[in-house]
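Structural features, examined
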Amino acid sequence: MTNNNSKPLQLWSVQDLASENLESVPSRYIRPEIDDKIVVTSAGIEVPVIDLSKLIGHDTHFFMEEFEKLDLACQERGFSRLLNHGIDEEALKKMIEDVPKFFDLPFEEKKQCTGENEGYGQALVFDEEQKLDWGDMLALRTQPDSVRNYKFWPAHPLTFRETTNKYSSEMERIKTILLGLMAKNLGIDSKKLMKMFNGGLQSMRINYYPPCPDPSKVLGISPHSDPTGITLLLQLNEVDGLQIRHDGQWIPIKILPNAIPVNIGDSFEMLTNGRYSSIEHRVVINKEKERLTVATFHQTNGSVPIGPLSELIHKGESAKYNTISYDMFEKLFFSRKLYGKSLLDRLKREN
Ligand code: OGA
Ligand code: NI
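Conventions adopted
- Residues numbered from 1 in each chain as written.
- Chains lettered and ligands numbered in written order.
- Predicted model: local features only at pLDDT ≥ 70, side-chain atom pairs only at ≥ 80, totals over all residues.
- Heavy atoms only, no water.
- UniProt positions renumbered as here; feature names shortened; annotations may be inferred.
- Pairing = 2+ DSSP bridges.
- Helix = DSSP H or I, 4+ residues; strand = E, 2+ residues; numbered from the N terminus.
- Axes fitted to C-alpha atoms, helices over the stretch in contact; angles between N-to-C directions.
- Parallel < 35°, antiparallel > 145°, perpendicular 65-115°, else oblique.
- Contact = heavy atoms within 4.5 Å.
- Nonpolar A, V, L, I, M, F, W, Y, C, P; charged D, E, K, R; others polar.
- Near = heavy atom within 4 Å.
- Polar contact = N/O pair within 3.5 Å; in protein donor to acceptor, adjacent residues only side chain to side chain.
- Areas by Shrake-Rupley, 256 points an atom, 1.4 Å probe, with all protein chains shown as cover.
- Phe/Tyr/Trp six-rings, centres within 6.5 Å; stacked < 30°, edge-to-face > 60°.
- Buried < 20%, exposed > 50% of the residue type's maximum accessible area, 1.4 Å probe, protein only.
- Core = buried A, V, L, I, M, F, W, Y, C linked by side-chain atoms within 4.5 Å.

Looking up the protein in an unreviewed UniProt entry gives the name Fe2OG dioxygenase domain-containing protein, with the organism given as Stephania yunnanensis. UniProt's Sequence similarities (unreviewed entry) comment on the protein is quoted here verbatim: "Belongs to the iron/ascorbate-dependent oxidoreductase family."

As structure tokens, then:
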């Protein structure tokens, strides 16, 4: 999302910093809160694996079980992992090849792709005191075509633009499939839900997390929930790092080869009046290995106010969130430093 109130990207490279054979981590990256009471565990917590082929095939026998699993995943975890998702293999392969080539370029060249609130750099840096994330990113607005700002799209590697274009269309296709399934699960008109997302902004946050000599002291991305509707995450080189918050604990989502994590964002939680959950997550860093990911965010279109759908405010219930315009939603996100759950909390209604 971008907005006039947004904070311009800041320009420096953690990748270059990390390549200097640091003896210790600079203090602005050190997170005292990591060692806090929060336990990291995976005991007994499952992030469901959804076999998408069972949901788009014609075999009704397998359909129901998977369909219910998806519903439960969206409700309880807010996260699931898609297997047999049918994303075009060539599109995936090219993305996996081209993204690292961009980050391998010298800083001087990467910085040509820096814009006000798009492109290469550091996002959401508001003041001198704020702790910093151990990572670099390239943020692009990818759909619909009209929002593209090609001057921020890398010219190198030469196939980058074509690759990203193809991958972006594939993400759009998977989003549409998921929306159809979710509408069915929610018992709402799928055409209506599709229409709300039709022409909505798709944006990518392409993340590069260098290794860190002291990984237990830093975070690749601070705890946050995604403000948009549905996020699909490609973990390019299949290095662990994603964790979700559950009952005050951080749960690692282990890499499952070829699986694509999908999660619900704040707007979707609001639309469903809280039936689907936007879960806080963060990224931890590896001591030896770099980690590369592409998060693709899908938002509702700008004409749709963001708030609970009347069909989803069930009898005896009331709206759990205030409904606000799309522009207001963006403004809140950017101008008030509302990152993570604080955005949703602010929009909660006192019933
Ligand atoms: C994000 C995000 C997770 C990851 O970009 O919003 O949560 O593993 N990324 O990179
Ligand atoms: Ni995220």
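Glancing now at the sheet that holds strand β6 (residues 221–224). Taken together, four strands build an open sheet; the order of strands is β6-β11-β8-β9 and the sheet is antiparallel. The open sheet has two free edges, formed respectively by β6 and β9 (249–252), since each of these has just one partner strand. Each adjacent strand pair in this sheet contributes to an overall mean axis angle of 25°, direction not counted.

This part covers the packing of helix α3 (residues 60–77) against helix α6 (residues 160–186). Axis separation between α3 and α6 bottoms out at 10 Å; the angle between their running directions is 85°. Comparing the axis directions of α3 and α6 gives the class roughly perpendicular. The segment α3 lies against α6, with Phe63, Phe67, Leu70, Asp71 and Cys74 engaging Leu181, Met182, Lys184 and Asn185. When the residues that make up the contact of α3 with α6 are grouped by side-chain class, the tally is six nonpolar, one polar and two charged.

In the vicinity of ligand 1 there are 14 residues, among which Tyr209, His224, His281, Arg291 and Thr293 approach most closely. In this structure, His224 approaches ligand 1 through a side-chain N or O atom, which is 3.0 Å from an oxygen atom. Between Asp226 and ligand 1, the recorded distance is 3.3 Å, taken from a side-chain N or O atom to an oxygen atom. The fraction of the free accessible surface of ligand 1 (290 Å²) that becomes covered by protein chains is 97%. Going through the elements one at a time, β5 (202–209), β6, β11 (281–283) and β12 (291–298) are the ones with two or more residues in the shell around ligand 1.

Moving on to the packing of aromatic side chains. Scanning all chains against the criterion turns up eleven aromatic pairs. Residues Tyr29 and Trp134 carry aromatic rings whose centres are separated by 5.3 Å and whose planes lie at 85° to one another, so their mutual orientation is edge-to-face. Residue Tyr29 is found in the loop between α1 (14–18) and β1 (49–51), and its partner Trp134 is found in the loop between β3 (119–121) and β4 (136–143); the two are separated by 105 residues along the sequence. For Tyr29, a relative accessible area of 6% translates into the label buried. Grouping aromatic residues by their ring pairs yields a cluster made of Phe102, Phe103, Phe107, Tyr120, Phe160 and Tyr208.

Turning to the nonpolar core, a few remarks are in order. Among the nonpolar cores identified, the biggest contains 53 residues, and Ile206 and Phe268 are the most heavily contacted of them. The leading source of residues in this core is α6, at ten residues. In contact with Phe268, not counting residues within four places along its chain, are Leu179, Met182, Leu186, Leu193, Phe197, Thr228, Gly229, Ile230 and Tyr276. Grouped together as the second largest cluster of nonpolar side chains are 15 residues, Leu201, Phe329, Phe333 and Phe334 included.

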